[in-house]
Amino acid sequence: MELNRVYNFSAGPSMLPVEVLEKAQKEFVVYKDSGMSVMEMSHRSKDYEEIIFGAEKTLRELMNVPDNYSILFLQGGGSTQFAMVPLNLMNKNKKADYVKTGQWAKKAIEEAQKYGTVNIVASSEDKMYSYIPKLDPATFSKDADYFYMTLNNTIYGTHIPDSKIPDTNGIPVVGDMSSNILAEKYDISKFGLIFAGAQKNLGPAGLTIAIVRNDLMGNAMDITPTMLKYDIHAKNQSLYNTPPTYSIYFAGLVFDWVKKMGGVEAMEKINKEKAAILYDFLDNSKLFKGTVVKEDRSLMNVPFVLPTEELNQKFIAEAKAKGFVNLKGHRTVGGMRASIYNAMPVEGVKALVEFMGKFEVENK
Ligand SMILES: *Cc1c(COP(=O)(O)O)cnc(C)c1O
């Protein structure tokens, strides 16, 4: 690889496409004919308006976002959305249904409990979140203000694909798409709201994207800080205050890259290929073992373990020496986790699997 870049399997911030990094590098000091860096630009300038509105337009096209939804460029990470969602949407019966599929869902639940009643309709906590619990609409609350799911569980390596979004009988579905936005196709019209922090599939940290159906905005709780109201950001086209200007610019370059790659459908196809290489190896290995049930495996985050803690440590150290970095698993799962977001090339996954094969032979 050029410039001695390693294969970075970090869960986030994570790898970005080299050609996007290089494009940003070229425009770093002087952006086009503006005479300045994007970082030095007024967010009210003509040049910057082109950047932010251009990025919004490309994202709308990539995700096929219907006209009655607003795309918002926010700050505060996915974690701030855990509060923004209930503050803005728990506005009728002060009640919401949540699916508990991991740490991120747990944090979202704890935050929502500050503002209303949370009903946990399904949980996979009993088996360390290694599967997606069955979602039976008959068990959902009839009077919930919304229904909340984490679409890709970054830590445990499970996902809920578009085909498994339950029918909530008109209750708005909220989806945390932080770790699989633009990586697999979702029909946005099934959702009331989706959100994603940028640092896994979209660009540098500091930017959070929310896509909100317009009729759900404007009824936030009275206590909601102005900056946490979706409608304020929508009315001001994400320019109510200074947005994370450089992160938005960079995400725009990533959107252009995804478009050039063939869009979300093409990305999903490549992601399925990459994930299959790793899962096939794990299924055939006598030493390595995947930790997630087959039918719920994430395309983005692949956790796996070796038979002993000693071997896990040995593998992580030897992998690092070979240029496969950040493979250490989350502390609650142990072992390893390979995060293979959009920017991880197929060759990176192939090289990792080849290395794992060698490790298996040497450590039988
Ligand atoms: C990383 C992550 C978050 C938290 O994102 P921050 O931007 O660090 O607040 C929330 N949900 C999921 C699914 C994530 O992967």
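Numbering of residues starts from 1 in each chain and follows the order in which that chain's sequence is written. Local features in this predicted model are restricted to residues whose pLDDT is 70 or higher, and side-chain atom pairs enter the listing and the counts only when it is 80 or higher, whereas totals over whole chains, interfaces and linings include all residues. Side-chain descriptors were evaluated using all non-hydrogen atoms of the structure, hydrogens and water having been removed beforehand.

> So what's going on with the layout of surface pockets? Residues and values would help.
Its boundaries defined by the atoms lining it, the largest pocket holds a volume of some 440 Å³. Throughout, the protein atoms alone are placed on a 1 Å grid, and a set of points is a cavity if a 1.4 Å probe fits but cannot get out or a pocket if it is open with protein on both sides within 12 Å along at least five of seven lines; lining residues have an atom within 4 Å of a point. If you trace the largest pocket, you find 28 residues lining it, with Ala11, Trp104, Thr154, Ile155 and Lys200 closest to the centre. If you list the elements that add at least two residues to the lining of the largest pocket, you get α3 (77-89), α4 (103-112) and β14 (336-339). Put simply, DSSP marks the helices as runs of H or I at least four residues long and the strands as runs of E at least two long, and each gets a number from the N terminus on. The element contributing the most residues to the lining of the largest pocket is α3, with four residues. Polar here means any residue outside two lists: the nonpolar Ala, Val, Leu, Ile, Met, Phe, Trp, Tyr, Cys and Pro, and the charged Asp, Glu, Lys and Arg; Gly therefore counts as polar. Each residue belonging to the lining of the largest pocket can be placed in one class, and the counts come to five nonpolar, 17 polar and six charged. When residues of the lining of the largest pocket are sorted by domain, at least three fall in each of domain 1 (21-260) and domain 2 (264-362). Grid points are joined across faces, edges and corners, and a volume is the space filled by probe spheres set on the points. Size it by volume and the second largest pocket reaches roughly 310 Å³. Among the secondary structure elements, those contributing two or more residues to the lining of the second largest pocket are α1 (18-26), α7 (263-284) and α9 (346-362). Top element by residues in the lining of the second largest pocket is α7. It accounts for three residues. Of the residues belonging to the lining of the second largest pocket, the class tally is 14 nonpolar, one polar and five charged. Domain boundaries shown here were taken from an automatic or database domain assignment.

> For empty space enclosed by the protein, give the residues involved together with the corresponding values.
Summed over all chains, the structure comprises one cavity of 30 Å³ or more. Lining the largest cavity are Met15, Leu16, Pro17, Lys200, Asn201, Val254, Trp257, Tyr341, Asn342 and Ala343. Tallied by class, residues from the lining of the largest cavity come to seven nonpolar, two polar and one charged. Two domains each donate at least three residues to the lining of the largest cavity, and these are domain 1 (21-260) and domain 2 (264-362).

> Give a detailed account of the sheet that holds strand β2 (residues 69-74), specifying residues and quantitative values.
Here seven strands make up an open sheet; going across it, the order is β2-β10-β9-β8-β5-β3-β4 and the pairing mixed. Either end of the sheet is taken by a strand with one partner, and the two such strands are β2 and β4 (117-123). The average undirected angle you get between the axes of adjacent strands in this sheet is 20°. Here, any two strands with at least 2 DSSP bridges between them count as paired. Sheet topology note: the strand β3 (residues 95-100)/strand β5 (residues 146-150) ladder contains three bridges and is parallel. Residue pairing across strands places Tyr98 opposite Tyr148, the latter belonging to β5. To define axes, lines are fitted to C-alpha atoms, for helices over the stretch in contact only, and angles between the resulting N-to-C directions are given on a 0 to 180 degree scale.

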